[in-house]
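If you want the building blocks of each chain, they are given just below.
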Amino acid sequence: MSLTPEQTSEIHAARAQSQQTRRATVPALEEMLFTALPVLDHGFVRVVDYMGDDAAVVQAARVSYGRGTRKTSEDEGLIRYLMRHWHSTPFEMCEIKYHVKLPIFVARQWIRHRTANVNEYSARYSIMDKEFYIPAPEHLAAQSAENRQGRGAVLEGEDAVRVLGLLRQDAEQTYAHYEEMLDEDGPGLARELARMNLTLNTYTQWYWKTDLHNLFHFLRLRADRHAQYEIRVYAEAMLETVKAWVPLSYAAFTDYRLGAVTLSAKMLEVLRRMLAGEVLEQPASGLSKREWTEMMAALGR
Ligand SMILES: Cc1cc2nc3c(=O)[nH]c(=O)nc-3n(C[C@H](O)[C@H](O)[C@H](O)COP(=O)(O)OP(=O)(O)OC[C@H]3O[C@@H](n4cnc5c(N)ncnc54)[C@H](O)[C@@H]3O)c2cc1C
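Per chain, residue numbering runs from 1 following the sequence as it is written. Reporting of local features is limited, given that this is a predicted model, to residues whose pLDDT is at least 70; pairs of side-chain atoms are given and counted only at 80 or more, and all residues count toward the totals for whole chains, interfaces and linings. Side-chain calculation: all heavy atoms of the structure are included, whereas hydrogens and water are not.

*Asks:* I keep staring at the environment of Pro 187 and nothing clicks. Help me out?
*Replies:* As for its placement among the helices and strands, Pro 187 is situated in the loop between α6 (157-182) and α7 (191-194). Through-space distance from the C-alpha of Pro 187 to that of Tyr 256 is 57 Å; in sequence the pair is 69 residues apart. Setting aside anything within four residues of it in sequence, one finds Pro 187 in contact with Glu 180 and Met 181. Put simply, DSSP marks the helices as runs of H or I at least four residues long and the strands as runs of E at least two long, and each gets a number from the N terminus on. Contact definition: two residues touch when any of their heavy atoms are within 4.5 Å.

In structure tokens form, the structure reads like this:
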């Protein structure tokens, strides 16, 4: 992660200030506020603001006049009930705003989550920084043979060296052309046009604000092992902020969403038959081979 000395001192200045408020604040998240959590080689995610806490979820669910807290154990029970039964609107009462620095190809996946408010760094107005994501050698993997959307074995030896060289060289070269085209003593091409041939591993930045319900939806999809590593690591860093912010909701989320498995009606029937002692194999199960494999993997069999 590379923050300039000016950016670092802006963060320190912001962290040195404090305001009095009657609103709920969360000490563990206040501790993290404004601090950049490093992700990938030059990226980061940092919380710049938030509204609400676990009690706000409870307060909204009960539509109460006070802060909503009776006893922590009651709040916990209610939050778990809401999560278990997909009663989502109380979670929408909490909001969080992040500043994220991420490669353009990760941003392209991320922006598909439409239920957030986004403002991206303008490459029409400003010049893009010369920063590219280059995977660490252990993340430079070959195409998976089994999964068309995944990675297989890590590249080694000459192949790894050649690929890393190509990634660096292409990014450097297109950035050099970008600068050449922008040159005011040369063509002076408009920034909005010159940016078009930058490589997708160039870093961009945005402010990204969402509510807790939609954040959980994002995290469920992007902290999942099926998500691409480069977006998953952002989701994992954000999970740490959520854990600090709303520990009860976070615990319910990890239990009922992140760690949970959905069984179809057919799968449930298979499970019932197995529990009744029937020795069942895939052909007689009524499940496709893939469903069967996924279900057995979920059951650890
Ligand atoms: C592992 C993985 C692989 C993927 N592969 C591909 C791929 O190959 N190609 C591809 O194009 N995308 C792919 N995606 C993106 C995926 O299809 C979704 O676009 C993305 O995950 C955002 O999900 P979402 O729409 O539920 O989120 P959000 O946009 O945040 O929406 C949240 C929920 O709000 C509702 N909603 C939001 N907007 C609308 C609307 N306009 N109309 C109706 N309901 C709405 C829906 O219920 C939605 O689930 C992939 C995602 C993952 C996690």
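*Asks:* How do you make sense of the site of the ligand when you look at a structure like this?
*Replies:* Here, proximity means that at least one heavy atom of the residue falls within 4 Å of the molecule or strand. Taken together, the neighbourhood of the ligand is formed by Arg 112, His 113, Arg 114, Thr 115, Gln 149, His 217, Leu 221, Arg 222 and His 226. One of the side-chain nitrogen or oxygen atoms of Arg 112 is found 2.7 Å away from an oxygen atom of the ligand. Here the accessible surface of atoms and residues is derived via Shrake-Rupley with a 1.4 Å probe, and residues count as covered only by protein chains that are part of the display. Protein contact buries 49% of the 940 Å² of open area that the ligand shows by itself. Classifying every residue of the shell around the ligand gives 1 nonpolar, 5 polar and 3 charged. Counting of polar contacts relies on pairs of N or O atoms within 3.5 Å, with two restrictions inside protein: one atom must be capable of donating a hydrogen and the other of accepting it, and residues adjacent in sequence are counted only when both atoms are side-chain atoms. Following the grouping adopted for this structure description, the nonpolar residues are Ala, Val, Leu, Ile, Met, Phe, Trp, Tyr, Cys and Pro, the charged ones are Asp, Glu, Lys and Arg, and the polar ones are all others, Gly among them.

*Asks:* Where do I start with unusual backbone geometry in this structure?
*Replies:* What you tend to see is this: most non-glycine residues have negative phi, and most peptide bonds are trans. Located in the positive-phi region is Leu 40, a residue other than glycine, with phi close to 55°. Here Leu 40 shows up in the loop between β1 (37-39) and β2 (43-51). Phi angles above zero are rare outside glycine, and Trp 86 is one such case at about 55°. Among the structural elements, Trp 86 can be located in the loop between α4 (72-84) and β3 (95-103).

*Asks:* I'm lost on empty space enclosed by the protein in this one. Help?
*Replies:* Rolled over the atoms, a probe as big as a water molecule pinpoints where empty space is left. Here the term cavity refers to a set of points on a 1 Å grid, laid over the protein atoms alone, in which a 1.4 Å probe fits but cannot get out; the term pocket refers to an open set having protein on both sides within 12 Å along at least five of seven lines, with lining residues being those that place an atom within 4 Å of a point. Grid points are joined across faces, edges and corners, and a volume is the space filled by probe spheres set on the points. Applying the stated criterion across every chain yields a total of 1 cavity of 30 Å³ or more. Each pocket or cavity is described by its volume, and for the largest cavity that value is around 60 Å³. Taken together, Lys 101, Tyr 121, Met 128, Asp 129, Glu 131, Tyr 203, Thr 204 and Gln 205 form the lining of the largest cavity. The element contributing the most residues to the lining of the largest cavity is strand β7 (residues 203-211), with 3 residues. Of the residues in the lining of the largest cavity, the class split is 3 nonpolar, 2 polar and 3 charged.

*Asks:* In this structure, what is going on with a nonpolar patch on the surface? I would like to understand it.
*Replies:* Here a patch means residues that are over 30% exposed by relative accessible area and free of salt bridges, tied together within 9 Å if like-charged and within 5 Å if nonpolar (Val, Leu, Ile, Met, Phe, Trp, Tyr). Salt bridges are identified by distance alone: a Lys or Arg side-chain nitrogen within 4 Å of an Asp or Glu carboxyl oxygen. Taken together, the side chains of Leu 189, Leu 193 and Met 196 make up a nonpolar region of the molecular surface, amounting to roughly 280 Å² of accessible area. Mapped onto the secondary structure, Leu 193 falls in helix α7.

*Asks:* Which parts of the structure should I look at to understand helix α8 (residues 212-222)?
*Replies:* One turn of the α-helix equals 3.6 residues, which is why residues spaced by three or four share an orientation. Buried, partly exposed and exposed residues are distinguished by accessible area as a fraction of the type maximum, computed with a 1.4 Å probe on protein chains only: under 20%, between the cut-offs, and over 50%, respectively. Inspection of α8 places Leu 212, Asn 214, Leu 215, Phe 216, Phe 218, Leu 219 and Arg 222 among the buried residues, and these make up the whole buried set. Its side-chain oxygen placed 3.1 Å from the backbone nitrogen of His 213, Asp 211 serves as the N-cap of α8.

*Asks:* Even after reading the chapter, I still don't get the sheet that holds β3, so can you show me in this structure?
*Replies:* Two strands pair under a simple rule: DSSP has to find at least two bridges between them. An order of β1-β2-β3-β7-β4 is seen for the 5 strands of this open sheet, with the pairing classed as antiparallel. In this open sheet, the two strands that pair with only one neighbour each are β1 and β4 (117-120). The mean angle between the axes of side-by-side strands here comes to 25°, regardless of whether they run parallel or antiparallel. Taken together, the 9 bridges between β3 and β7 define a ladder with antiparallel strand orientation. Residue Glu 95 lies in a different strand from β7, and its bridge partner there is Asp 211. In the packing of helix α9 (residues 229-245) onto the sheet, contacts are made with β1, β2, β3 and β7, and the angle to β3 comes to roughly 155°. Axes here refer to lines fitted to C-alpha atoms; in helices the fit is confined to the stretch in contact. Angles between the N-to-C directions go from 0 to 180 degrees.

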